[in-house]
Amino acid sequence: MSASDTAVPATGGPPARCGVAATARGGWWGFLGSAVNAVFGYVLVTLITRALGAYGAGAVFTGVAAFTILCNTCKLGADTGLVRFVSGDLATTGGRKVGALLRSAVLPGAAASTAAAALLFLSPWTATALLPSLDPDDAVTLVRLFAVFLPLATVTLVLLGATQGYGTVIPFVGVEQIGKPVLRVLIAVPVMLLAPGVLTLAAAWLVPSLAGFVIAWFALRRCRRRSPGPASGPETAAAGRGFWAFAAPRAISSVFDISAVWVGVILLSSLATSEEAGIYTAVGRVVIAATLLQLAIRLAVAPEISRLLAVGDLPQACHLHRVSTRWIVLFSWPLLVLLTSFPGTVLSLFGPEFGQGADALVVLCIASAVNVGVGNAQTVLLMAGKSTWHLAVTGVAFAVQLTVGLLTVPRLGVLGAALSWGAATVVENLVSAALVRRHQGFTIIDHGYLLATLTGLCLTVPLVLPARLLAGDTTVGLAVAITMGFCAFGISLWRFRTPLGVSELVGVLRERVT
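None of these values were measured; they are calculated from a predicted model.

Right, let's talk about the overall build of the chain for a bit. Along its length, the chain carries 21 helices and 0 strands. Burial status across the chain gives 56% buried among its 514 residues. Considering only residue pairs separated by 6 or more positions, the chain has 85% of its internal contacts joining residues 24 or more positions apart. As displayed, the chain has an accessible area near 19,600 Å², and 70% of this comes from carbon and sulfur atoms.

Here we take up the packing of helix H12 (residues 314-341) against helix H14 (residues 358-373). It is at 9 Å that the axes of H12 and H14 come closest, and there the two elements cross at 170°. Comparing the axis directions of H12 and H14 gives the class roughly antiparallel. Between H12, through Thr325, Ile328, Val329, Ser332, Trp333, Leu336, Leu339 and Thr340, and H14, the contact on the second element is made entirely by Leu361, Val362, Cys365, Ser368, Ala369, Val372 and Gly373. Across the contact of H12 with H14, the residue classes tally to 10 nonpolar, 5 polar and no charged.

Quick look at a positive patch on the surface now. A cluster of basic residues, Arg221, Arg222, Arg225 and Arg226, forms a positive patch on the protein surface. Inspection of the secondary structure puts Arg222 in helix H8 (residues 208-226). Residue classification places Arg222 among the partly exposed positions, given a relative accessible area of 45%.

Phe67, Leu82, Phe146 and Phe243 are the most contacted members of the largest nonpolar core, which has 136 residues in total. Beyond its immediate sequence surroundings of up to four residues, Phe146 is in contact with Val60, Gly63, Val64, Phe67, Ala202, Trp205 and Leu206.

Glancing now at the pattern of salt bridges. All told, the structure shown has 4 salt bridges when counted by the stated rule. Asp257 is the partner of Arg250 in a salt bridge, and the nearest nitrogen-oxygen pair spans 2.7 Å. According to the relative accessible area criterion, Arg250 is buried, its value standing at 10%. The class of Asp257 is partly exposed, set by a relative accessible area of 22%.

A full pass over the atoms with the stated rule returns 9 aromatic pairs. Where Phe67 meets Phe146, the ring centres are 5.6 Å apart and the plane angle is 45°; that geometry is what we call tilted. Of the two residues, Phe67 sits in helix H1 (residues 15-74) while Phe146 sits in helix H5 (residues 136-165), which places them 79 residues apart along the sequence. When its relative accessible area of 5% is taken as the criterion, Phe146 is described as buried.

We now examine the packing of H12 against helix H18 (residues 447-458). At a closest axis distance of 8 Å, the pairing of H12 and H18 adopts a crossing angle of 20°. With respect to H18, the axis of H12 lies roughly parallel. Between H12 and H18 lies a crossing of right-handed hand. Along the contact surface, H12 presents Thr325, Arg326, Val329, Leu330, Trp333, Pro334 and Val337, while H18 presents Gly448, Tyr449, Ala452, Thr453, Thr455, Gly456 and Leu457. Residue classes in the contact of H12 with H18 are distributed as 8 nonpolar, 5 polar and 1 charged.

For Asn429, the position within the fold is in helix H17 (residues 414-439). Given a relative accessible area of 4%, Asn429 falls into the buried group.

Moving on: a nonpolar patch on the surface. There is a patch of nonpolar side chains on the surface, built from Leu210, Val214, Trp217 and Phe218 and spanning about 390 Å² of accessible area. Looking at the element boundaries, Trp217 is found in helix H8. Overall, Trp217 belongs to the partly exposed group, its relative accessible area being 39%.

By the element assignment, Leu52 lies in helix H1. With 145 residues separating them in the primary sequence, Leu52 and Gly197 have C-alpha atoms 6.8 Å apart. Once residues lying within four places of it in the same chain are set aside, the contact partners of Leu52 are Ala57, Val60, Pro196, Gly197, Val198 and Leu201.

Averaged over every residue, the pLDDT of the chain is 81; residues scoring 70 or more account for 86%. Of the regions scoring below 50 in pLDDT, residues 508-514 engages in 15 contacts with residues more than four places distant in sequence or in other chains.

The α-helix advances 3.6 residues per turn, and as a result positions three or four apart in sequence lie on the same side. With 12 residues, H18 should cover 16 Å at 1.5 Å per step; its first-to-last C-alpha distance of 15 Å lies within 8% of that length. Those residues of H18 not exposed but buried are Gly448, Tyr449, Leu451, Ala452, Thr453, Thr455 and Gly456.

Bringing the environment of Leu206 into the picture now. Secondary-structure assignment places Leu206 in helix H7 (residues 198-206). For the pair Leu206 and Ala153, spaced 53 residues apart in the sequence, the C-alpha separation amounts to 9.1 Å. When residues no more than four places from it in sequence are discounted, the contact partners of Leu206 are Phe67, Leu145, Phe146 and Phe149.

Backbone geometry at Leu76 places phi at a positive 60°, although glycine is not the residue there. Tracing the backbone through its elements, the reader meets Leu76 in the loop between H1 and helix H2 (78-92). According to the relative accessible area criterion, Leu76 is partly exposed, its value standing at 23%.

Turning our eyes to something else, we now look at the environment of Ser368. Residue position: Ser368 is located in helix H14. With 61 residues separating them in the primary sequence, Ser368 and Asn429 have C-alpha atoms 9.7 Å apart. Among residues more than four places away in sequence, those in contact with Ser368 are Val287, Thr291 and Leu336.

What counts as what
- Residues numbered from 1 in each chain as written.
- Predicted model: local features only at pLDDT ≥ 70, side-chain atom pairs only at ≥ 80, totals over all residues.
- Heavy atoms only, no water.
- Helix = DSSP H or I, 4+ residues; strand = E, 2+ residues; numbered from the N terminus.
- Buried < 20%, exposed > 50% of the residue type's maximum accessible area, 1.4 Å probe, protein only.
- Contact = heavy atoms within 4.5 Å.
- Areas by Shrake-Rupley, 256 points an atom, 1.4 Å probe, with all protein chains shown as cover.
- Axes fitted to C-alpha atoms, helices over the stretch in contact; angles between N-to-C directions.
- Parallel < 35°, antiparallel > 145°, perpendicular 65-115°, else oblique.
- Nonpolar A, V, L, I, M, F, W, Y, C, P; charged D, E, K, R; others polar.
- Patch = residues over 30% accessible without salt bridge, like charges linked within 9 Å, V, L, I, M, F, W, Y side chains within 5 Å.
- Salt bridge = Lys/Arg side-chain N within 4 Å of Asp/Glu carboxyl O.
- Lys, Arg positive; Asp, Glu negative; His and termini not counted.
- Charge placed at Lys NZ, Arg CZ, Asp CG, Glu CD.
- Core = buried A, V, L, I, M, F, W, Y, C linked by side-chain atoms within 4.5 Å.
- Phe/Tyr/Trp six-rings, centres within 6.5 Å; stacked < 30°, edge-to-face > 60°.
- Left-handed = near helix turned anticlockwise from the far one by under 90°.
- pLDDT = per-residue confidence, 0-100.
- Expected span 1.5 Å × (residues − 1).

Below, the structure is given as structure tokens:
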């Protein structure tokens, strides 16, 4: 998809077709990126756990967790704000306010991340509290290493949010989902062979951030050259105020969002053991991989919904949400069924001790089925400008997760962390779906959704379950289940390709991307 695909309102053709096609194209790129990210993320976790064991890997991933939370905190919600405001401004004014929006977004994020990095350098007690089982000197060095790269990673995310506002997911996919994961593995392999250690492998994870920043900066420049827009007018003075009225609540809710992924690692490292933190990280990787299509569609659908809402086309925005949810349900639920049926076999690929996380994987797969089932309701909430509502929802969900985690992690370890994340996921997604349905009119249940449920779930379970009961949680059982389940799934997919929306999803690949 070119940067100009959604730079102007869709006045020359059917808006629904334009939005669906743009989302499908972006979804394919996002799916490719998510697949690469999942594969190389899996490989990296395997390399680190094999080199350091669950104990050493837990220390590295605790650092990664803290870094990721801080990075998403310091961007102050500016990346999501740019997705919404840049796409809306391009649709309504041709890009008159984009320059002012970029200045309003980038500078505060850079300042906040630099200040946070400085605090990490000046407070070594933070490192020893975060990594109590690691040698104090190593813990301080590890945290300071992460601090060096914090401003670069933060600003990169903000710049990539602006490129998404221009209607292209390619820079984000290229940097965050392909470039960084591939480079991390390429660097980690020689490091593991020549100098394996907590600090060296953490450095291998961090170094690609520098390349990511450079690529994001050039990608945004290219987008702006393609759609420069008219000269800024005096009305752009108000751009910053409107932007931060939306971004400020999103800044807090983004902390809750990313903390939901990583807080379990931190709780396990602090209240249980680093070994359990390493196991939980592996479980989380598998779950994220299972929902990669939803993440891919989210990247593409956000600017399209924002554009449609900016020009007042609510019916077509609702249609786009329904179609994209149908795609997500159709392809994600069969994979979740397989993971729920064979959790031990999947986790054993990380190492024999990781089989302890089988129950946790089942819990998170069930919660993810709810997440997938409501589609990208949270994205709709944000693109409709309801960042305050989104903050309230994520705040409640995070409170649930933290409460359940503090009560269950000391007793149940990895399973307790999974229960806390699963409970938060269910609460957050069901409440978000109810809000967008009641106050925005976005619905997902129609004939196509019910057919996707039948194809993706009701046909898969009866074929996978016998394989699990007869062969057990084994490699043979998993292979038989995949063969039987996906044969039936593929036949149904072809038979009902039009009402399922698969024809639209595949058809856009044959169109020339301008």
